[in-house]
Amino acid sequence: MLVSRNQLLFAFSESLDYVESIVGSHHYDTAYIALSILNEMDLSDESVQEIVTAAVIHDVGVFSKNLYGQLKNYDFEDESRHAKIGYSLLNKIHYYSNFAETILYHHHRYDQNLFACVPLSSQIVFLSDRLTFLIDKSPADIALHKKYILDKVSDDMGKRFNPALFPFLERALEKNSFWANYKNGISKDIVKASFKYDRKITDHEEIKNFLILFGKITDYKSSFTAAHSTGVSRIAREIGKLYGLAHTTISDLEIAGLVHDIGKLAVDKDLLEKNSSLTDEEFETIKSHILYSHKILSMIGGFEHIAQIACSHHERMDGSGYPNRKTERNLSTEEKILMIADIFTALSENRPYRPAMRKDAVIKILKNMALQKKICGKINTTVIKHMDHLYSLNTETQKQAYKEYGYLNFNTRKLAL
Ligand SMILES: [Fe+2]
Ligand SMILES: [Fe+2]
Ligand SMILES: [Fe+2]
């Protein structure tokens, strides 16, 4: 597999902007403003790309609508917890660890202690991030709006922001093209086009490690699903191995498991956690996560097979599933395996409306589904045969995932600023 690092990044950024649709295109907007400021500075193309990269993923540590509700107030102060979570998420991932420090400091004030440690990249991301909530994309009077922005920001210079950045911002806002591109929605394309360097990654481990991040941000949206994608990935891989699939197919299954529910980022958390029955309309909204998963995954060249496996996990062999009502003959072995891995993992997890099921209850449901020809009987026989192993593997994976989730939620204070 040959995957463009930039395409992976853009797909990831796109999915971050799904975290509560109220924010729209916050990451790309931040990156666009940062790029406009950077274009006025005398920095190398490489440094510009590094800072813009950090900008497109800067709020990786935000999982909730409530927090965004606060962050979107320009004057909102002192929200560094999500910066620390973002730092922890990126810190251990090859290549992306280069951006962890920028994320850690991206809300650090100029008049706060230890500002000397704050990288220029964080200072630019902070200013650009705040400006996304101040700048009107299509103001009635640009000159008047520009004056309002600059007056407001100059009050914060020397307090929240580094005053050295002010002249560059002033020059960026001076340009008609800044406003025209922002207004016409082509700022996202401009951000993408600014990436002069790319790398084709062939290393399965690097791809997988980055996609673990996709899985984590999906899972952490709700405490009920905090281990789900990791679990599905682990179980699908194991079933693939037990079923004797080829090594590359097993790898694809593992990756598809990590990203299968990425579209859930676009679904309201309250709906995901509803503990009573869903209305038809609510169920349709939940089902739409597959379409979002598909949209994100099809942004990555080379991911066609993975996208196909990932987006079929709610299909059923009798044609009763969604989104395409596929039937047995349109489903590959990999798709059938991921389908079972998803059901198995979901049943073995706590849900808002029921506790995690015991092994015998899981077996009963899977056997029933195989009898009704909803899932593949042959694969299911393998799963039942190795149930003890798979169940304890899942328990272990869940334990580990919840440990990490708990660490992020409760121990971020340990990170020094
Ligand atoms: Fe932030
Ligand atoms: Fe932000
Ligand atoms: Fe799903």
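Note that the coordinates shown come from a computational prediction; the quantities given were computed from them, not determined experimentally.

Draft legend 1. Region of interest: the overall build of the protein. Looking only at helices and strands, one finds 22 helices and two strands in the protein. On C-alpha atoms alone, the protein measures out to a radius of gyration of 23 Å, which is about the 22 Å that the 2.2 N^0.38 rule sets for 417 residues. Projecting the C-alpha coordinates of the protein onto the three principal axes gives extents of approximately 70 × 40 × 40 Å. Taken across its 417 residues, the protein has 44% of its residues classed as buried. Nonlocal contacts in the protein, meaning residues at least 24 apart in sequence, comprise 71% of its contacts between residues at least 6 apart.

Draft legend 2. Just the nonpolar core, in detail. Residues Ala34, Ile340 and Phe344 are the most contacted members of the largest nonpolar core, which totals 108 residues. Of the domains in this structure, domain 1 (3-199) and domain 2 (203-410) are the two that each give at least three residues to this core. In contact with Ala34, not counting residues within four places along its chain, are Ile51, Val52, Ala55, Ile124, Val125 and Ser128.

Draft legend 3. Highlighting the environment of Tyr197. By secondary structure assignment, the location of Tyr197 is in the loop between helix H11 (187-193) and strand E2 (200-201). By C-beta crowding, Tyr197 is classed as exposed, having 11 other C-beta atoms within 10 Å. Placed 191 residues apart in sequence, Tyr197 and Asn6 show a C-alpha to C-alpha distance of 8.4 Å.

Draft legend 4. Region of interest: unusual backbone geometry. For the bond from Tyr322 to Pro323, the omega torsion is 10°, close enough to zero to count as cis. By the secondary structure assignment, Pro323 is in the loop between helix H18 (304-310) and helix H19 (333-347). Positive phi, normally seen in glycine, also occurs at Tyr95, with a value near 75°. Position of Tyr95 among the secondary structure elements: in the loop between helix H5 (81-91) and helix H6 (100-104). Using a count of 15 C-beta atoms within 10 Å as the deciding quantity, one classes Tyr95 as partly exposed. Although it is not a glycine, Lys373 sits at a positive phi angle of roughly 60°. With respect to the helices and strands, the residue Lys373 is situated in the loop between helix H20 (359-371) and helix H21 (377-385).

Draft legend 5. Local environment of helix H1 (residues 5-16). Between its first and last C-alpha atoms H1 spans 17 Å; for twelve residues at 1.5 Å apiece the expected length is 16 Å, and the two agree. Buried residues of H1: Leu8, Leu9, Phe10, Ala11, Phe12, Ser13, Glu14, Ser15 and Leu16, and no others. Buried residues in H1 make contact with strand E1 (3-4), helix H2 (26-38), helix H3 (45-56), H11, helix H12 (204-219) and helix H17 (289-297).

Draft legend 6. Spotlight on the environment of Lys159. As for its position among the elements, Lys159 is in the loop between helix H8 (142-156) and helix H9 (166-174). The sequence separation of Lys159 and Lys84 amounts to 75 residues, and the corresponding C-alpha distance is 21 Å.

Draft legend 7. Layout of H5. Counting buried positions along H5 yields nine of eleven residues, so the element is predominantly enclosed. His82, Ala83, Lys84, Ile85, Gly86, Tyr87, Ser88, Leu89 and Leu90 are the residues of H5 that are buried.

Draft legend 8. Molecular detail of the environment of Tyr87. Looking at where Tyr87 falls in the secondary structure, it is placed in helix H5. Accessibility expressed as a C-beta count within 10 Å gives 24 for Tyr87, which makes it buried. For the pair Tyr87 and Glu304, spaced 217 residues apart in sequence, the C-alpha separation works out to 31 Å.

Draft legend 9. Quick look at the packing of helix H14 (residues 247-259) against H19. The interhelical angle for the contact between H14 and H19, taken along N-to-C directions, is 40°, at an axis separation of 10 Å. When the axes of H14 and H19 are compared, the pair comes out oblique. Along this stretch, H14 crosses H19, giving a crossing that reads as right-handed. Together, Thr249, Asp252, Leu253, Ala256 and Gly257 of H14 and Glu334, Ile337, Leu338 and Ala341 of H19 make up the contact between the two elements.

Draft legend 10. Summary view of the packing of helix H13 (residues 228-242) against H19. Viewed as axis vectors pointing N to C, H13 and H19 meet at an angle of 130°, and their least axial separation amounts to 8 Å. Between H13 and H19, the crossing angle belongs to the class labelled oblique. As for how H13 packs across H19, the hand of that crossing is right-handed. Two secondary-structure elements touch here, H13 through His228, Gly231, Val232, Ile235, Ala236, Ile239 and Gly240 and H19 through Ile337, Leu338, Ile340, Ala341, Asp342, Phe344 and Thr345.

Draft legend 11. Geometry of the domain arrangement of the protein. According to the domain assignment, the protein contains domain 1 (3-199) and domain 2 (203-410). Here the C-alpha centre of domain 2 lies 33 Å away from the C-alpha centre of domain 1. Tallying the contact residues gives 23 residues for domain 1 and 21 residues for domain 2. Broken down by element, the residue count for the side of domain 1 that touches domain 2 peaks at seven residues, all from H1. Here the residues of the side of domain 1 that touches domain 2 sort into 14 nonpolar, seven polar and two charged.

What counts and how
- Residues numbered from 1 in each chain as written.
- Chains lettered and ligands numbered in written order.
- Predicted model: local features only at pLDDT ≥ 70, side-chain atom pairs only at ≥ 80, totals over all residues.
- Helix = DSSP H or I, 4+ residues; strand = E, 2+ residues; numbered from the N terminus.
- Rg over C-alpha atoms; globule rule 2.2 N^0.38 Å.
- Buried ≥ 20, exposed ≤ 12 C-beta atoms within 10 Å, placed from the backbone.
- Contact = placed C-beta atoms within 7 Å.
- Core = buried A, V, L, I, M, F, W, Y, C linked by C-beta atoms within 7 Å.
- Domains from an automatic or database assignment.
- Expected span 1.5 Å × (residues − 1).
- Axes fitted to C-alpha atoms, helices over the stretch in contact; angles between N-to-C directions.
- Parallel < 35°, antiparallel > 145°, perpendicular 65-115°, else oblique.
- Left-handed = near helix turned anticlockwise from the far one by under 90°.
- Nonpolar A, V, L, I, M, F, W, Y, C, P; charged D, E, K, R; others polar.

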